[in-house]
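# Structural overview for review
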Amino acid sequence: MLKMIRVEWLKLKYYRPFWILLGMYALLTLVVCFGGMAFLTWLKNEGADFKGYNPTALPIYDFPDIWQNLTFLVSFFKIILAFIVIMSVNNELNYRIVRQNIIDGLDKKDWLLSKLTLIASISAFATILVFFGGLIMGLIYSHPDAKSLFWVNTHFLIVYFFDLFIFLCFAMFLSLLIRKGPLVIVGLFMYTLAFEPIAVLFIYYYPNYPESLRFLADLLPVQALRNLTPFPFKRFLFYEVEDTVPLMAIAIATIWGIFNIGMSYWILKKRDL
Amino acid sequence: MEILSTTGLTKKYRKLTALDHLDFQIERGMVFGLLGPNGSGKTTTLGILLNVIQATSGTYRWFGEAPSAKSRKQIGAILEMPCFLPYMTATQSLRVIAEIKEAPIESIDRVLDVVGLFDRRDDAFKTYSLGMKQRLAIASALLANPPVLILDEPTNGLDPKGIVEIRELITEIAQSGKTIILASHLLDEVQKVCSDFMVLRKGKKLFQGSVADALLHQKNIEIGSTNMEQLKSALSEHTGVESLTEAHGKYILKVDPTLTTTILSQFLFDKKIIISHLLQTEGSLEKEFLEILKAEE
């Protein structure tokens, strides 16, 4: 296991696009974490108000809601992390590094494990980043009475890690399946941000769609992950907001995770490299 | 001791049978040439033996054991072309391989020195010439000091100087007692460095044997005389002469391996025939190879 981490690290540490993408994601995370207040201030200056409330008074940084608010937003940019995984897998297929590694005495299982350690490391890095972003903003802006609620709802951080991990496994599986890096990048981008969301809207809301089959939308791989963190901002309009993790979504996402890893292994095992 | 044995290795692509029930053995210390025209199944065979191509059927054993990642660590192999990440330097690439093969990091400089890349060790792989890439691949194969080396077309794309260098390197390595499997379509190359060889065509084994025997089998004697007619009739009486062809005013004889030029000249001297030209020529694997292919047809 440690060996696989070292192998993966040696391969990536000299790869500039890896650092650029990771940096981009880190930057975006910080922008999302720190930019919320700037955004609300801007709204206020534009003269917006929410039913008579000053926008900057919106408690987006209040514990314990902050964790759900931040992870919900940052999760939209996970496609950037997926690009890292796609490029890493694609490079190894393209330059026949997988093949040479197997020849050199790596087990196919070990190679998969090395990619999973990469995925887990990236996910952990992203999670830690949001944690610190939330920590800083929460300590500054949270209502003083709410600070005792710091640890409540931090399970959304674990969910965020899980969300990234499964999504990146999905990216790995697609890269192994399709083998053409640029195609996977464009395909995953379009699918995640356009095709599937449109399909989901259609299934949820199209009037003639049979009511009993609307649940199918929740089974789609990206929607399943989106369902892990319920939409948090309705609470500002005094709606009830779900702040527990839906177990059904966890179950569906887990099945997708097992499917992605299992299929990746199967492809490695069966296909000529 | 047996290094490798295969039984019934078969690989089918949709229509094509790339390998057809291949059985062969390789003993320790052999420099084993895998010969065959392009597309005869050489790389497919090696790919299966290294677990990167799935055989349709058949089995193989390395070091008398079922193949595993552990057995592959004792094999240094390059298949077809050098495979490295273009943005990494020689040293960085070999670090990864040392990690995989559990080889000491100190051996990196040693193998880079052996293949003459030490001075360029900190340049990115993408800046290397084809010859340098090929040599880095050989360095990576040598890294863990493995008892078995597999080299697939190691001189492919090299200039004449590079070819000579690589051949010398292979011969040196062979002298250190390693077992080498060398796939090539260059007969000359196999003849120069191999002790044993196998001929593949369309995925079938046509022949397996030692290079020395094959060359012996190919021993020719060139002979000429002032009186060619008399010479021809005398030669036809000798049982050691297997065949006779005329070329450039001389006869080229295929002879029994025991028939030396001394015996032959004594024989003709007794018949009072004066010889103007007598030369024993080394056979070439090329002729043997063409004959094997012809015999098959």
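Since we're looking at a predicted model, the values are computed, not measured. (Residues numbered from 1 in each chain as written. Chains lettered and ligands numbered in written order. Predicted model: local features only at pLDDT ≥ 70, side-chain atom pairs only at ≥ 80, totals over all residues.)

Along the backbone of chain A there are 10 helices and zero strands. Of the regular secondary structure in chain A, the N- to C-terminal order runs α-α-α-α-α-α-α-α-α-α. Within chain A, buried positions represent 37% of all 273 residues. Here the analysis covers contacts within chain A between residues at least 6 apart in sequence; of these, 80% occur between residues at least 24 apart. (Helix = DSSP H or I, 4+ residues; strand = E, 2+ residues; numbered from the N terminus. Buried ≥ 20, exposed ≤ 12 C-beta atoms within 10 Å, placed from the backbone. Contact = placed C-beta atoms within 7 Å.)

So, on to the overall build of chain B. Tallying secondary structure elements over chain B gives 11 helices and 13 strands in all. If one aligns the C-alpha atoms of chain B with their principal axes, the spans along those axes are about 75 × 45 × 35 Å. Among the 297 residues that make up chain B, the fraction classed as buried is 40%. The long-range fraction of contacts in chain B, counting pairs at least 24 apart against all pairs at least 6 apart in sequence, stands at 70%.

Residues and elements named next belong to chain B. The strand order across the open sheet formed by three strands is E2-E1-E4, and the pairing between neighbours is antiparallel. The strands lining the two open edges of the sheet, one partner per strand, are strand E2 (17–27) and strand E4 (57–62). Across the sheet, the mean angle from the axis of one strand to that of its neighbour is 10 degrees, orientation sign disregarded. Bridge count for strand E1 (residues 2–12) against E2 is seven bridges, and the pairing is antiparallel. Within E2, the residue paired with leucine 4 across the bridge is isoleucine 26. (Pairing = 2+ DSSP bridges. Axes fitted to C-alpha atoms, helices over the stretch in contact; angles between N-to-C directions.)

Here the focus is the interface of chain B and chain A. In this assembly, 23 residues from chain B lie in contact with 23 residues from chain A. Looking at the side of chain B that touches chain A, the elements with two or more residues in it are helix H2 (69–72) and helix H3 (90–101) of chain B. Element by element, the count of residues in the side of chain B that touches chain A is highest for H3 of chain B, at seven residues. In terms of residue class, the side of chain B that touches chain A is built from 15 nonpolar, three polar and five charged. (Nonpolar A, V, L, I, M, F, W, Y, C, P; charged D, E, K, R; others polar.)

This brings us to the domain arrangement of chain B. Domain annotation for chain B reports domain 1 (2–211) and domain 2 (219–281). When each unit is reduced to the centre of its C-alpha atoms, the spacing between domain 1 of chain B and domain 2 of chain B is 44 Å. (Domains from an automatic or database assignment.)

This brings us to the confidence of the model for chain B. Reading fine detail from the predicted coordinates is not recommended where pLDDT is low. Mean pLDDT for chain B: 88, with 100% of residues reaching 70 or above. Confidence estimates for the predicted assembly give a pTM of 0.86 and an ipTM of 0.84. (pLDDT = per-residue confidence, 0-100.)

Since one α-helical turn is 3.6 residues long, residues separated by three or four positions face the same way. Residue and element names in this part refer to chain B. Relative to the 16 Å expected for 12 residues at 1.5 Å per residue, H3 spans 16 Å between its end C-alpha atoms, a close match to the ideal helical length. Most of H3 is tucked away: nine of the 12 residues are buried. Inspection of H3 places Ala90, Gln92, Ser93, Leu94, Val96, Ile97, Ala98, Ile100 and Lys101 among the buried residues, and these make up the whole buried set. Positive backbone phi, approximately 55 degrees, marks glutamate 102, located one or two places after H3. (Expected span 1.5 Å × (residues − 1).)

A separate point is the packing of helix H1 (residues 2–12) of chain A against H3 of chain B. Orientation of H1 of chain A relative to H3 of chain B, taken along the N-to-C sense of each, is 170 degrees, at an axis distance of 9 Å. Comparing the axis directions of H1 of chain A and H3 of chain B gives the class roughly antiparallel. Along its contact with H1 of chain A, which presents Lys3, Arg6, Val7, Leu10 and Lys11 of chain A, the element H3 of chain B presents Gln92, Arg95, Val96, Glu99 and Ile100 of chain B. When its residues are assigned to classes, the contact of H1 of chain A with H3 of chain B shows four nonpolar, one polar and five charged. (Parallel < 35°, antiparallel > 145°, perpendicular 65-115°, else oblique.)

Looking now at the environment of valine 148 of chain B. Residue and element names in this part refer to chain B. Take valine 148: it is sitting in strand E6 (residues 148–152). Classification of valine 148 as buried rests on a count of 23 C-beta atoms within 10 Å. Residues valine 148 and threonine 56, spaced 92 residues apart in sequence, show a C-alpha to C-alpha distance of 25 Å.

What follows concerns the sheet that holds strand E9 (residues 204–210) of chain B. Residues and elements named next belong to chain B. Read from one edge of the open sheet, six strands run E5-E6-E7-E3-E8-E9, paired in mixed fashion. Strand pairing shows two members of the sheet lacking a second neighbour, strand E5 (75–78) and E9, which therefore form its edges. The average angle at which neighbouring strand axes cross in this sheet is 15 degrees, direction not considered. When E6 meets strand E7 (residues 179–184), the two strands line up parallel, connected through five bridges. Bridged to aspartate 152 within E7 is alanine 183.

With that settled, consider the nonpolar core. Judged by nonpolar contacts, the single largest core of 83 residues is most densely connected at Phe32, Ala139, Leu143, Ile180 and Leu182 of chain B. Membership of the second largest hydrophobic core comes to 52 residues, among which are Phe63, Tyr160, Phe165 and Ala224 of chain A. (Core = buried A, V, L, I, M, F, W, Y, C linked by C-beta atoms within 7 Å.)

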